[in-house]
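The chain contents come next:
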Amino acid sequence: MKKMAKVLVMMCVVAGLLLGGQPGTTSKAAGSKEKAMCAAALKRTGNAKKLNYKSTTPYEFDAISYKHQKKVKSMYFVTSDNTAYVICVAKAKTTKQAKALYSAFGKYKYNKMHDTYFKKDYKKSEQSVIKNAVYGRKGAYVWYIAMSSKKKNLAGQAAIKKKIK
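Residues numbered from 1 in each chain as written. Predicted model: local features only at pLDDT ≥ 70, side-chain atom pairs only at ≥ 80, totals over all residues. Heavy atoms only, no water.

A. Looking closely at the confidence of the model for the protein. Taken residue by residue, the protein gives an average pLDDT of 84. The fraction at 70 or more is 81%. Per-residue pLDDT stays below 50 along residues 1-28; that stretch engages in 13 contacts with residues further than four places along the chain or on separate chains. (pLDDT = per-residue confidence, 0-100. Contact = heavy atoms within 4.5 Å.)

B. Focus on the side chain of Thr45. Assignment of secondary structure puts Thr45 in helix α2 (residues 32-45). Accessibility expressed as a relative area gives 2% for Thr45, which makes it buried. With near-sequence residues (within four places) excluded, Thr45 lies in contact with Ile87, Ile145, Met147, Ser148, Lys152, Asn153 and Gly156. (Helix = DSSP H or I, 4+ residues; strand = E, 2+ residues; numbered from the N terminus. Buried < 20%, exposed > 50% of the residue type's maximum accessible area, 1.4 Å probe, protein only.)

C. A look at the packing of α2 against helix α7 (residues 150-163). Where α2 contacts α7, the two axes come as close as 8 Å, and the packing angle between them is 145 degrees. Seen from above, α2 lies across α7 with right-handed handedness. Across from Lys33, Ala36, Met37, Ala40, Ala41, Arg44 and Thr45 in α2, the residues of α7 making contact are Lys152, Asn153, Ala155, Gly156, Ala159, Ile160 and Lys163. When the residues that make up the contact of α2 with α7 are grouped by side-chain class, the tally is seven nonpolar, three polar and four charged. (Axes fitted to C-alpha atoms, helices over the stretch in contact; angles between N-to-C directions. Left-handed = near helix turned anticlockwise from the far one by under 90°. Nonpolar A, V, L, I, M, F, W, Y, C, P; charged D, E, K, R; others polar.)

D. The arrangement of helix α4 (residues 95-113) in detail. Between the first and last C-alpha of α4 there are 27 Å, a value that for 19 residues agrees with the 27 Å anticipated at 1.5 Å per step. Looking only at α4, the buried set comprises Ala98, Leu101, Ala104, Phe105, Gly106, Tyr108, Lys109 and Lys112. (Expected span 1.5 Å × (residues − 1).)

E. Fine view of the state of the cysteines. Taken as a whole and assessed by the stated rule, the structure comprises zero disulfides. In this structure Cys38 is not part of a disulfide, and its nearest cysteine sulfur, from Cys88, lies 6.7 Å away. Given a relative accessible area of 3%, Cys38 falls into the buried group. For Cys88, a relative accessible area of 0% gives the class buried. (Disulfide = S-S within 2.5 Å.)

F. Structural view of the environment of Gln157. Position of Gln157 among the secondary structure elements: in helix α7. We classify Gln157 as buried; its relative accessible area is 12%. Through-space distance from the C-alpha of Gln157 to that of Ile145 is 7.4 Å; in sequence the pair is twelve residues apart. When near neighbours in sequence (up to four residues on either side) are disregarded, Gln157 contacts Val134, Tyr135, Gly136, Trp143 and Ile145. In terms of polar contacts, Gln157 uses its side chain to reach the side chain of Trp143, at 3.0 Å. (Polar contact = N/O pair within 3.5 Å; in protein donor to acceptor, adjacent residues only side chain to side chain.)

G. Focus on unusual backbone geometry. A positive phi angle, close to 65 degrees, is found at Asn47, a residue other than glycine. With phi around 55 degrees, Thr83 is a residue other than glycine that occupies positive phi space. Here Thr83 lies in the loop between β2 (72-79) and β3 (86-92).

Spelled out as structure tokens, the structure:
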């Protein structure tokens, strides 16, 4: 009986995706300000060649758990294949929810650095980038930048803060 229920649920999910598109997507217009902020941060941090994936859906970024996905109003992020190099800017629905996302980004950085496979999965240069990651919050906006040295990541953070008005 349980197996039949799982099959039925999967069929409903597939049908929903076919009929209604992807779950949790944000509109392109909603992520345009976040995209501009990512671009400004990328200009200041460099390493654009390392990035090969972009998205506006919260469920695709590991730092935003299912519990936190509902708190995201709009977002934009770019990343490398192994998520060592990342710039993510998200706008929460409320300032209180932005604080929760900020906390989630902090835990993400900590967990990523203390993962059992950290030294096995990432090259020395990538490990350095992850250790030098910065994250922050201003109003309803939160961001996570892991692109280069701490100094360059902070310059990217300054560019994001400048764009927020």
